[in-house]
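# Observations on the model geometry
What follows is each chain in one-letter form.
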Amino acid sequence: PPWFALFFVPFTFLPYQVARAVWLLINVMLFWGALRLIVQTLPWRLFDWQTYLLHTGLLLMLGFYCLRSEQAGIVLLFGLALFVWGVQHERAGWAAFGLLLLTTKPQATFLLLLCLGVWILFYRRRVAWWGMGLLGAATAVSTFAIPRWWAFDRTGFGSGLSVELAGADQTAVATRVNTTLADFLSYQFNISGTVQPWLVGLIVLLALLL
């Protein structure tokens, strides 16, 4: 979205590595803020060890990877946590701002946004109005700051992932590995054959029990 691009304009006045460090610092702060919001919105009181377990789980499953890859996953997590907190505490403006943050990567959050949008139309109409207002304002401001942002050069648009995986000027597209538990066992530990399904089933059972 154009407003997300607008957010990064101040970073261009910094040296590249400094800008990266600032972006990572912002992500760390947003991650901590998301954790605090999540704990506040849970319908039961957590003991200290439960809070640490929740924080550690989210850090391992999401935080480390997002910080390592410098992607926007933490921004999306914070947006979702802010939305839930805002709805729970009747803060329609903050809930709508959380929805706006979720639109920063719509290819990842489209289904979630669709479900939340239908829900607020029926049950939280005020959040819906706030959301449409913020979306319109953000689009207007970014369009004023970045005229004709929609008229970008589409040459090679969408090929970034294949370039990242296969390398520039390569015809072959690299094969992703470790996308499933079976791939991980095969490529990392050379475990295949009849042993693999049993091991996968055992791990899945353990995950369900946890």
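Now for a description of the structure that goes with this document. (Residues numbered from 1 in each chain as written. Predicted model: local features only at pLDDT ≥ 70, side-chain atom pairs only at ≥ 80, totals over all residues. Heavy atoms only, no water.)

Looking only at helices and strands, one finds 10 helices and 0 strands in the protein chain. N-terminal to C-terminal, the α/β element order of the protein chain is α-α-α-α-α-α-α-α-α-α. Long-range pairs, those at least 24 residues apart, make up 53% of the contacts in the protein chain between residues at least 6 apart in sequence. Between the mean site of the 12 positive side-chain charges and the mean site of the 7 negative ones, the protein chain shows a separation of 13 Å. (Helix = DSSP H or I, 4+ residues; strand = E, 2+ residues; numbered from the N terminus. Contact = heavy atoms within 4.5 Å. Lys, Arg positive; Asp, Glu negative; His and termini not counted. Charge placed at Lys NZ, Arg CZ, Asp CG, Glu CD.)

This next bit is on the packing of helix H5 (residues 92-102) against helix H7 (residues 125-145). Contact geometry for H5 and H7: axes closest at 8 Å, N-to-C directions at 55°. Relative to H7, the element H5 lies oblique. When the axes of H5 and H7 are compared, the crossing they make is right-handed. Contacts between H5 and H7 involve Ala92, Gly93, Ala95, Ala96, Phe97, Leu99 and Leu100 on the former and, on the latter, Arg126, Val127, Trp130, Gly131, Leu134, Leu135 and Ala138. Partitioned by chemical class, the residues of the contact of H5 with H7 number 11 nonpolar, 2 polar and 1 charged. (Axes fitted to C-alpha atoms, helices over the stretch in contact; angles between N-to-C directions. Parallel < 35°, antiparallel > 145°, perpendicular 65-115°, else oblique. Left-handed = near helix turned anticlockwise from the far one by under 90°. Nonpolar A, V, L, I, M, F, W, Y, C, P; charged D, E, K, R; others polar.)

In this section: H5. Along H5, 8 of the 11 residues are buried, which leaves the element largely enclosed by surrounding structure. The complete set of buried residues in H5 reads Ala92, Ala95, Ala96, Gly98, Leu99, Leu100, Leu101 and Leu102. The inward-facing, buried residues of H5 abut helix H1 (2-7), helix H4 (73-88), helix H6 (106-123) and H7. (Buried < 20%, exposed > 50% of the residue type's maximum accessible area, 1.4 Å probe, protein only.)

Another point: the packing of aromatic side chains. Taken as a whole, this structure holds 11 aromatic pairs when the rule is applied. Consider the rings of Phe7 and Phe8, whose centres lie 5.2 Å apart with planes at 85°: the pair is edge-to-face. On the numbers, 5.7 Å between centres and 50° between planes, the contact of Phe7 with Phe11 is tilted. In this structure an aromatic cluster arises from ring pairing among Phe4, Phe7, Phe8, Phe11 and Trp23. Here the basic side chain of Arg154 rests over the ring of Phe152, its NZ or CZ set 4.4 Å away from the ring centre. (Phe/Tyr/Trp six-rings, centres within 6.5 Å; stacked < 30°, edge-to-face > 60°. Lys NZ or Arg CZ within 6 Å of the ring centre and 35° of its normal.)

It is worth spelling out the packing of helix H2 (residues 16-41) against helix H3 (residues 48-69) at this point. H3 packs onto H2 with a crossing angle of 150° between their chain directions and a minimal axis gap of 11 Å. When the axes of H2 and H3 are compared, the pair comes out roughly antiparallel. Like other packed secondary-structure pairs, H2 and H3 cross with a definite hand, here right-handed. Where H2 abuts H3, its residues Leu24, Asn27, Val28, Phe31, Trp32, Leu35, Ile38 and Val39 lie against Thr51, Leu54, His55, Leu58, Leu59, Gly63 and Leu67. Looking at the contact of H2 with H3, its residues break down into 11 nonpolar, 4 polar and no charged.

With that out of the way, let us pick up the pattern of salt bridges. Tallied over the entire structure, the rule returns 1 salt bridge. As a salt-bridge pair, Arg20 and Glu70 come within 2.4 Å of each other at their nearest N and O atoms. One end of the pair, Arg20, is in helix H2; the other, Glu70, is in the loop between H3 and H4, and 50 residues separate them in sequence. Judged by its relative accessible area of 30%, Arg20 is partly exposed. (Salt bridge = Lys/Arg side-chain N within 4 Å of Asp/Glu carboxyl O.)

A grouping of Phe110, Leu111, Leu114, Val118, Trp119, Leu121, Phe122 and Tyr123 is seen on the molecular surface, where their side chains present a nonpolar patch of about 900 Å² in accessible area. Position of Phe122 among the secondary structure elements: in helix H6. (Patch = residues over 30% accessible without salt bridge, like charges linked within 9 Å, V, L, I, M, F, W, Y side chains within 5 Å. Areas by Shrake-Rupley, 256 points an atom, 1.4 Å probe, with all protein chains shown as cover.)

Turning next to the nonpolar core. Membership of the largest hydrophobic core comes to 20 residues, with the highest contact counts inside it found for Phe31, Leu37 and Phe78. Looking at this core, the elements with two or more residues in it are H2, H3 and H4. Discounting residues that sit within four places of it in the chain, Phe31 has contacts with Leu58, Leu59, Gly63, Ile74 and Leu77. Formed by 11 residues, the second largest nonpolar core is a distinct cluster that contains Ala95, Leu99, Ile120 and Ala128. (Core = buried A, V, L, I, M, F, W, Y, C linked by side-chain atoms within 4.5 Å.)

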